[in-house]
Each structure stands twice: as structure tokens, then as C-alpha cells.
Amino acid sequence: MDLTYTAEEEVFRGQLKEWLAKALPTLPPAPDPLDWPGRRAYDTAWQRMLYDAGYAGLHWPADAGGRGATPTQHLIFLEETERAGAPYVGANFVGLLHAGPTVAAEGTAEQRARWLPPVLRGDEIWCQGFSEPDAGSDLASLRTRAVRDGDHYVVSGSKIWTSHAEVADWCELLVRTEPVSESVPKHRGITWLAMRMDAPGVTVRPLRTLAGSTEFAEMFLDEVRIPVTDRVGEENDGWRVTMVTLSFERGTAFVGEVVACRRALGELARAARENGRWSGTVLRRRLGRIGAEFAALWRLTQWNVSEAQRSGGVPGTGGSVFKLRYSHARQELYEVAAEVLGPDALDLSHPWNQDRLSSLSYTIAAGTSQIQQNIVAERILGLPKGR
């Protein structure tokens, strides 16, 4: 695969940089990180600016409301927005990176027309209702039950680690529509639903993380009625649809973060020079090795995105290779940040320390590292399944 940029792609880069230089100074100050209503307003306002400029859903298919850009143009967009310090997708990340691409790939024409434009405009926010208290990494063991009642499903159960539930309009929700039995293994009988967060019977309780933030929540569902028309895919085919969602979550959702980590690496090197810690050979070697690792991860990202384009836009198992190594590389990066900070590593208000604490979750979120190792072993290396 040729990873060099063409003249046309460099023109695209130049146009984007010019737009960013004009647009970013017009943004208001960013809200307090703990002000989620404020962050929703800030993030969706930025999303609307992208939409009006033609950059929203850049790589989405044109019939899904996107621009149908090439994978390389998408990566250029992520590179330049990170380098310019533009806002991340923020509170809108589930809609833009998980639910939206899933609906684009698996939804009906009516569902695509209903849900995708509001996501791209920043009008509606989605959250993810997958994990449960007794079914964390073993997602197929979920117990939230949906019983068919005419044109609706009646849903009862609970979810946990529901990202941005407190500001979301919709939830991508996994439910069990057929009980597990000798003839129905746990990976069957699961259905993917879209649930309105203002539906009667939905209760959200924010969870405070180690870093003090509340972007996750518990969610309790008490006989919530969801129209059958809000089901994506067939009934009991939700596990397959979920694998599409998770392939986006693991394959492309972290792309912008790789660029951000590479930028943070440069900031760490500058800070080490300023505070005298650059003289340590061990530190310089660690920074150099991590820098090489993120450069390799960026190349892997380019390959994964190109492969996804060839397979109709859905990332493949290469996303698990990326997720596995990226999770650990990010933790290593912010361990080095603590070394550079010295005594200031105890100051939890420092952004690097906030990132260091959040990095601890990356080997668990979006599928644990153990799950990614199993996927790599079984689906890429062809090894037998573990017992």
C-alpha cells in the first residue's frame, strides 16, 4: 500500500488548515470538564460548524449524509484537527463513532434518514448501553430483557458504564429477546435497539471516576417501551450487529487519539528539557521507543482504515491488533509523564495526571486486552479456541 500523499490530498490538507485557522479563533472558551450540559453545548456547536463547512461525517458514505471522502482524506482531517488543537467529538463520540456508523451499515433507509442527519449536525447525542453489572467483559451474558408486546418491546434491566447517558437523547441498547437455553447459546437471542433516553421508565445515575469526572453512568430500565421500528437488524441477530459496532469502536474510534498522543509525546520532551530531566539517558530512550511505537500505530491505523474502505466501510480484525497495543502504549506514555512531572505527578488537577488516570481504563474499555488477544489468536493466527 502506498502511504505517501498525492497532490490532490495535499490540496485538501491546505484547504482544511485554512478553514481551521479561521474557525478555531471564533470558538468560545471551553467549559469546565465537569459541566456536562456545558460540554454538550460546546461539542455540538463545534459539530455544527463542521457540518456547515462540509467536514462532518467526512468519510461517511454520501447516501448516509457524509462526503464519501477517501480513507486518506479522513486521516488528514484527523491529523490536522488534532495538530490545530480543535475540539474532539466529545459528548457526541458514541453517535459519530459507534452508533452512527452501525446504523449506516445495518439500518434501513428510514432509520438512516431518521438518525444519521441529527448526529452529523450535532442535534442529537447518543450513549452506549452495552455493559451490565454482571456481564462486563462477557458481553453475551447480558440479562436486560425485552419482551415483544405488539409493535413494542418492553425492556427491563440495568446497564453500567453508560457513556454520556446524562446528556444523551438516544441509546444504542443491547437486550435479550430470547432466554439462554440448551438450544439457544448466549451469543444468540440478543437484539440491538435504539432507545430514547426520555422514555418513561429510564433512570440515569452518574458514576464518579477515579479522576473525578462523571462521563459514565448506571442506567435502570423499568418496563421501557421501545417501538419495534427502532430495532436495527433482525430480532435475535443483535450479536452480529454488535460486532459491527465493536469493530468501529476498536478499529477507528481511537484514530484521533493516536495523533493526540504523538503531540503529547512532543510536549513531554519539551517539559523534560525545561525541568532538567532530559539529561537522563533512560528517559530519553523511553520517549524514543514510545515515539516509534506511536509512529507504527499510525501506520497500522492507515492500513486498518484502508482495509475498512475495501470491505464496505466496516473495520476488520486489524482493529483488535490496534486496540490491544494502543491501550498499553497509552498507559506507558502517561507513566513516562509522571516521571517527567516528578513531585507534580501527585497533582491530580494537572491534565497529564488526568490522562494518566483515564489511561488505566483503556485495557478494559471497548473490550479488555484479554479479549483482544483471543481475537488475534483465533481470527488472525488461526489458533484453536481456549477451553
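Each chain has its residues counted from 1, following the order in which its sequence is written. With pLDDT at 70 or above as the cut-off, local features in this predicted model cover only qualifying residues; side-chain atom pairs require 80 or more to be listed or tallied, and sums for whole chains, interfaces and linings still use all residues. Computation of side-chain values covers all heavy atoms of the structure but excludes hydrogens and water.

**Digging into the overall build of the chain**
Quick reminder of the rule: A helix here means a DSSP run of H or I that spans at least four residues, while a strand means a run of E at least two residues long, and both kinds are numbered starting from the N terminus. Relative accessibility under 20% of the residue-type maximum defines a buried residue, over 50% an exposed one, and the middle range a partly exposed one, all with a 1.4 Å probe and only protein chains included. Two residues form a contact once any of their heavy atoms are found within 4.5 Å. Here the accessible surface of atoms and residues is derived via Shrake-Rupley with a 1.4 Å probe, and residues count as covered only by protein chains that are part of the display.
Tallying secondary structure elements over the chain gives eleven helices and eight strands in all. When burial is assessed residue by residue, the chain has 51% of its 387 residues classed as buried. The long-range fraction of contacts in the chain, counting pairs at least 24 apart against all pairs at least 6 apart in sequence, stands at 72%. Carbon and sulfur atoms make up 53% of the accessible area of the chain, which totals about 18,000 Å².

**Quick word on the environment of arginine 231**
Basically, it comes down to this: In the analysis that follows, any N or O atom pair within 3.5 Å is treated as a polar contact, provided that within protein one partner can donate a hydrogen and the other can accept it, and provided that, for residues neighboring in sequence, both atoms belong to side chains.
Its location among the elements puts arginine 231 in strand E8 (residues 231–232). Look at arginine 231 and you get buried, because its relative accessible area is 18%. The sequence separation of arginine 231 and glutamine 111 amounts to 120 residues, and the corresponding C-alpha distance is 9.2 Å. With sequence-adjacent residues up to four places away left out, arginine 231 is seen in contact with Gln111, Arg148, Tyr153, Thr191, Trp192 and Leu193. Looking at arginine 231, its side chain comes within polar contact range of the main-chain oxygen of glycine 233, at 2.8 Å.

**Quick notes on helix H5 (residues 109–121)**
Given 3.6 residues per helical turn, the α-helix brings residues three or four places apart onto the same face. Operational definition: Every helix has an expected span of 1.5 Å times one less than the residues it contains.
Compared with an ideal rise of 1.5 Å per residue, which puts 13 residues at 18 Å, H5 spans 18 Å between its outermost C-alpha atoms and is within 8% of the ideal. Buried within H5 are the following residues: Gln111, Arg112, Trp115, Leu116, Pro118, Val119 and Leu120. Taken together, the buried residues of H5 touch helix H2 (36–53), helix H4 (93–106), strand E1 (126–129), strand E4 (170–176), strand E5 (190–196) and E8. Residue glycine 122 follows H5 closely and has a positive phi angle near 85 degrees.

**A short note on the state of the cysteines**
Working definition of a disulfide: a covalent bond connecting the sulfur atoms of two cysteines. What counts, and what does not: The definition used for a disulfide is geometric: two cysteine sulfur atoms within 2.5 Å.
Overall, the coordinates contain zero disulfides when judged by the stated rule. Cysteine 171 supplies the cysteine sulfur nearest to cysteine 127, a cysteine that is in no disulfide, at a spacing of 3.8 Å. According to the relative accessible area criterion, cysteine 127 is buried, its value standing at 0%. With a relative accessible area of 0%, cysteine 171 lands in the buried category.

**Examining the environment of alanine 23**
With respect to the helices, strands and loops of the structure, alanine 23 is situated in helix H1 (residues 7–23). The buried category is assigned to alanine 23, whose relative accessible area is 7%. In this structure the C-alpha to C-alpha distance between alanine 23 and alanine 53, which are 30 residues apart in sequence, comes to 9.7 Å.

**Notes on the packing of H4 against H5**
As a reminder of what qualifies: Fitted lines through C-alpha atoms give the axes, limited to the stretch in contact for helices. The angle between two N-to-C directions lies from 0 to 180 degrees. Small angles under 35 degrees read as roughly parallel and large ones over 145 as roughly antiparallel, with 65 to 115 read as roughly perpendicular and the rest as oblique. By convention, the crossing between two helices is left-handed when the near helix turns anticlockwise from the far helix through less than a right angle, and right-handed when the turn is clockwise. The nonpolar class holds Ala, Val, Leu, Ile, Met, Phe, Trp, Tyr, Cys and Pro. Asp, Glu, Lys and Arg form the charged class, and all remaining residues, Gly among them, are polar.
The N-to-C vectors of H4 and H5 enclose an angle of 155 degrees; their axes lie 9 Å apart at closest approach. It follows from the interaxial angle that H4 and H5 lie roughly antiparallel. At the point where H4 passes H5, the crossing takes the left-handed sense. Between H4 and H5, the residues in contact are Gly95, Leu96, Gly100, Val103, Ala104 and Ala105 and Gln111, Arg112, Trp115, Leu116, Val119 and Leu120, respectively. Grouping the constituent residues of the contact of H4 with H5 by class yields eight nonpolar, three polar and one charged.

**What to know about the confidence of the model for the chain**
To keep it simple, the criterion reads: Each residue carries a pLDDT value, the predictor's own confidence for that position, ranging from 0 to 100.
On average, the chain scores 83 in pLDDT, and the residues at 70 or more come to 84%. The secondary-structure element of the chain with the lowest mean pLDDT is helix H11 (residues 369–380), recorded at 68, while strand E3 (residues 152–159) shows the highest, at 97.

**Let's talk about the pairing of E5**
Spelled out, the test is: Two strands are counted as paired when DSSP detects at least two bridges linking them.
In terms of burial, E5 is a largely internal element, six of the seven residues being buried. In this sheet, E5 lies alongside E4 in antiparallel orientation, the contact comprising seven bridges. Looking across to E5, one finds that valine 175 is bridged to threonine 191. In this structure, E5 lies alongside E8, joined through two bridges in antiparallel fashion. In the sheet register, leucine 193 faces E8, and the bridge partner there is arginine 231.

**Brief notes about the nonpolar core**
Put simply, the rule reads: Here, nonpolar core refers to any group of buried Ala, Val, Leu, Ile, Met, Phe, Trp, Tyr and Cys residues whose side-chain atoms link them within 4.5 Å.
Counting 71 residues, the largest nonpolar core has Trp126, Phe294 and Leu333 as the members making the most contacts within it. The element that contributes the greatest number of residues to this core is helix H9 (residues 318–341), accounting for ten residues. Setting aside chain neighbours within four positions, we find leucine 333 in contact with Cys261, Ala264, Leu265, Leu268, Ile290 and Phe294. The next biggest cluster of nonpolar side chains, apart from the first, holds 21 residues, and it includes Ala146, Tyr153, Met195 and Met219.

**Concerning the packing of H2 against H5**
Closest axis-to-axis distance for the H2/H5 pair is 7 Å, and the angle between their directions is 105 degrees. If you check the angle between H2 and H5, you find them roughly perpendicular. Seen from H2, the contacting residues are Thr44, Gln47, Arg48 and Tyr51; seen from H5, they are Val119, Leu120 and Arg121.

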